[in-house]
Amino acid sequence: MLFFYFNYMDNIINDKSLILGLMSGTSMDGLDISCARYYQKHNAWHYKLIASETITYDSKIKSDLLNTFHKVSDLEEMDVKFALCLSNYIKVFLRRYNLKIDLISSHGHTIFHDPKNGYTKQIGLGSVIAENIGVPVVSNFRQQDIDLGGQGAPLVPIGDKLLFSEYDACINLGGIANISFDFKGKRLAYDISPCNMILNFLAKKSGKDFDEYGKIASEGQVDEILLNKLGKISYYDLNIPKSMGKECVNQYYIPVLNKSNKNNNDILATCVEHIAMKISNALSEFDISKSLLTGGGVFNKYLVARILHHTKSKIIIPNKDLVNFKEAIVFGFLGLLRVLDEHNCLSSATGAIRDHSSGDIYMV
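It should be emphasised that the depicted structure is a prediction, and the values quoted were computed from it without experimental measurement. The numbering scheme is per chain: residues are counted from 1 as the chain's sequence reads. The model is predicted, so local features are restricted to residues of pLDDT at least 70 and side-chain atom pairs to those at 80 or more, both for listing and for counting; the totals for chains, interfaces and linings are taken over all residues. No hydrogens and no water enter the side-chain calculation; it runs on all heavy atoms of the structure.

Engineer: I would appreciate a short explanation of the pairing of strand β7 (residues 169-173) in the present structure.
Structural biologist: Both faces of the sheet carry side chains from a regular strand, because those side chains alternate between them. Across the five residues of β7, five count as buried, placing the element largely inside the fold. Exposure categories follow from relative accessible area, calculated using a 1.4 Å probe and restricted to protein chains: below 20% of the type maximum is buried, above 50% is exposed, and the middle band is partly exposed. Numbering of helices and strands starts at the N terminus; helices are DSSP runs of H or I of at least 4 residues and strands are runs of E of at least 2. Where burial is concerned, the two faces of β7 agree: the one with A169, I171 and L173 and the one with C170 and N172 are both buried. The rule for pairing is simple: two strands pair if DSSP sees at least two bridges between them. Of the pairings in the sheet, the one linking β7 to strand β8 (residues 176-183) comprises five bridges and is antiparallel in character. Across the sheet, the residue bridging to N172 is N178, located in β8. In this structure, the hairpin formed by β7 and β8 is closed by a connection of two residues. For β7 and strand β10 (residues 290-294), the ladder comprises four bridges, and the chain directions are parallel. Looking at β10, one finds that A169 is bridged to S291.

Structure follows, in C-alpha cells:
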C-alpha cells in the first residue's frame, strides 16, 4: 500500500542512512545498483559511494523486456515478475557487500514512454520490492510529471545541479544521449539524440551485443547522405524541453538506418558521427565550457574521440565508478528528496507546470 508518512520517514532517513539507487537503462545492459550516503555540508549536498555493481541481464530477461513492448497483455505480469527479479538482484548485492540499507529508490525499466499522449510505464512494482526486501521503496517517478504537463524526463537534472555543480553541464551517454545545464538562472535538460540504443542495434547486425571500444565504427566511412538524413529527423525541430523513448527511435531512426545500402561498418561510423555532432552542437549553442561525461558510451573510444574532435568544450571523464553509476547514484538521491518531500523534478527540465516531488512511496 502507498503511504505518505513523511514525519515517520524523516525519523528513519538521515545523513547516516544507506540508500540504494537502481537504474535499468534503455540499452538493457543490466541493472546498475549503487549504495550511497547523502549528506549536507556547508549548505550543499554531497554523497559517499559505499558499493556499486552492474548485474548483467541474462538472455531470458532481455527477451521478456523486449517482448513486453510488443505484447501489452503481458504488462501486469511482467511488472510483478521484473520486481521479483530486481528483489533477487538486491538480495545478492546486499549479501555480497554485507550491507543493511534504509531505503531503495528504483527507476524501474521503461517499457513505454510517450509523453505526447500522456503516458509512461516503468515496470518493477515498488510494493513487491518493499515486501521482499523489507525496507521502504520509492518508484514510479515519471508519471506525476506527465500528469502535470511535463515530459516525465529527464529526471536527473536536480541531481546534476545539487551533486555535480562544479561542472557547467552533465552529459550521459546511455541508450539515449542527454544533457543538463544551467542557463539564464534555470536548469535546462533534454535528450540530445539516440546513442547506445542505435549503436547496439547496428552492432547486433555484425554479430556483437555492442561495438566494443567503437572498433567496428572506426573501420567504417561516414556516409554523408545518411548523415544528412539523420540530421533532418523531425525530433530535432522540437523545442526543449523534449525527451525521447524507444517509440521515437523505432519510428524515426531505425527505418532510416534500415533503408541505407551501405555496409554496417559505414552505417555505424555515420551514426557515431551524427551523435558526436549533435552533442557538439548542444555544447556550442549554450556556450558550455566544461562538461562531465558519463554512461556506458564513454567506453566507446571512437565515439568519445569524435565528440572531442567536434567540440572546443572541455570534456571531463571521471573515474570508472562515476562513469558507470552516476545515474544510479542520482536516482538514490531522487528517492531521498522524495521521502523528505523536497522537489526532485524540475519544471524547467521537463516542461511541467511546476517543480514537484515525484515518486510513489511504499512502506513495509
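Next, the rest of the story.
Engineer: Just checking my understanding: could you explain helix α10 (residues 246-258) for this structure?
Structural biologist: Residues three or four positions apart in an α-helix share a direction because the helix packs 3.6 residues into each turn. At Y252, α10 shows its largest bend, some 30 degrees, and a proline, P255, comes one to four positions later. Inspection of α10 places E247, C248, V249, Y253, I254, V256 and L257 among the buried residues, and these make up the whole buried set. The bend at a residue is defined as the angle formed between two axes, one fitted to the seven residues ending at that residue and one fitted to the seven starting there.

Engineer: It is not clear to me how the pattern of salt bridges should be interpreted in this structure. Could you clarify?
Structural biologist: As a working rule, side chains carrying opposite charge can pair if their charged atoms are close by. When a carboxyl oxygen of Asp or Glu is within 4 Å of a side-chain nitrogen of Lys or Arg, the pair counts as a salt bridge. All chains considered together, the criterion is met by 11 salt bridges. Between D160 and K326 there is a salt bridge, with the nearest N and O atoms lying 2.6 Å from each other. One end of the pair, D160, is in helix α6 (residues 157-163); the other, K326, is in helix α13 (residues 320-339), and 166 residues separate them in sequence. The pair formed by D160 and K326 is uniform in burial state, with each residue classed as buried. The partner of D341 in a salt bridge is R338, with the nearest N and O atoms 3.9 Å apart. When its relative accessible area of 5% is taken as the criterion, R338 is described as buried.

Engineer: Any chance you could explain the environment of G175 here in plain terms?
Structural biologist: Examined against the element boundaries, G175 turns out to sit in the loop between β7 and β8. Between the alpha carbons of G175 and M28 there is a distance of 8.3 Å; along the sequence they are 147 residues apart.

Engineer: Please explain the packing of helix α9 (residues 224-231) against helix α11 (residues 264-285) as it appears in this structure.
Structural biologist: Packed helices, taken two at a time, are described by the angle their axes make and the gap between the axes. Here the axes come from fitting lines to C-alpha atoms, over the contacting stretch only for helices, and the angles between their N-to-C directions go from 0 to 180 degrees. Viewed as axis vectors pointing N to C, α9 and α11 meet at an angle of 45 degrees, and their least axial separation amounts to 9 Å. Here α9 lies oblique to α11, going by the angle between them. For the element pair α9 and α11, the recorded crossing hand is right-handed. Seen from α9, the contacting residues are L226, L227, L230 and G231; seen from α11, they are I267, T270, C271, E273, H274, M277 and K278. In this scheme, roughly parallel covers angles under 35 degrees and roughly antiparallel covers those over 145, while 65 to 115 is roughly perpendicular and the rest are oblique. In this scheme the handedness of a crossing depends on how the near helix is turned from the far one: anticlockwise by less than a right angle means left-handed, clockwise means right-handed. Residue contacts are counted whenever heavy atoms from the two residues lie within 4.5 Å of one another.

Engineer: Hey, could you run me through the environment of R306 in this one?
Structural biologist: Within the fold, R306 resides in helix α12 (residues 301-310). The class of R306 is buried, set by a relative accessible area of 19%. The spacing of R306 and H274 is 32 residues in sequence and 9.6 Å in space, taken between C-alpha atoms. R306 has contacts with V272, E273 and A276, leaving out every residue within four places of it along the chain.

Engineer: I would appreciate a short explanation of the sheet that holds strand β9 (residues 186-194) in the present structure.
Structural biologist: Backbone-to-backbone hydrogen bonds pair the strands of a sheet. The strands run either parallel or antiparallel. Read from one edge of the open sheet, five strands run β9-β8-β7-β10-β11, paired in mixed fashion. Taken across any chain shown, the strands that pair with only one partner, and hence form the sheet edges, are β9 and β11 (314-316). Between one strand and the next, the sheet's axes are offset by a mean angle of 20 degrees, whatever the strand orientation. Two elements, β10 and β11, share three bridges in a ladder whose sense is parallel. In the strand pairing of β11, L292 is matched with I316.

Engineer: Is there a simple way to explain helix α3 (residues 75-97) in this structure?
Structural biologist: If you check α3, its first and last C-alpha atoms are 33 Å apart, about what 23 residues at 1.5 Å a residue would give, namely 33 Å. Phi for N98, located one or two positions after α3, is positive at around 50 degrees. In this scheme, a helix's expected span is set at 1.5 Å multiplied by one less than its residue total.

Engineer: Before we go on, may I ask you to explain unusual backbone geometry in this structure?
Structural biologist: Glycine aside, residues mostly have negative phi angles, and peptide bonds mostly take the trans form. With an omega dihedral of -10 degrees, the bond running from A153 to P154 counts as a cis peptide bond. Following I240, the chain continues to P241 via a peptide bond in cis, the omega torsion being 5 degrees. Although it is not a glycine, N98 adopts a positive phi angle of roughly 50 degrees.

In short, shape yes, function no, at least from these values alone.
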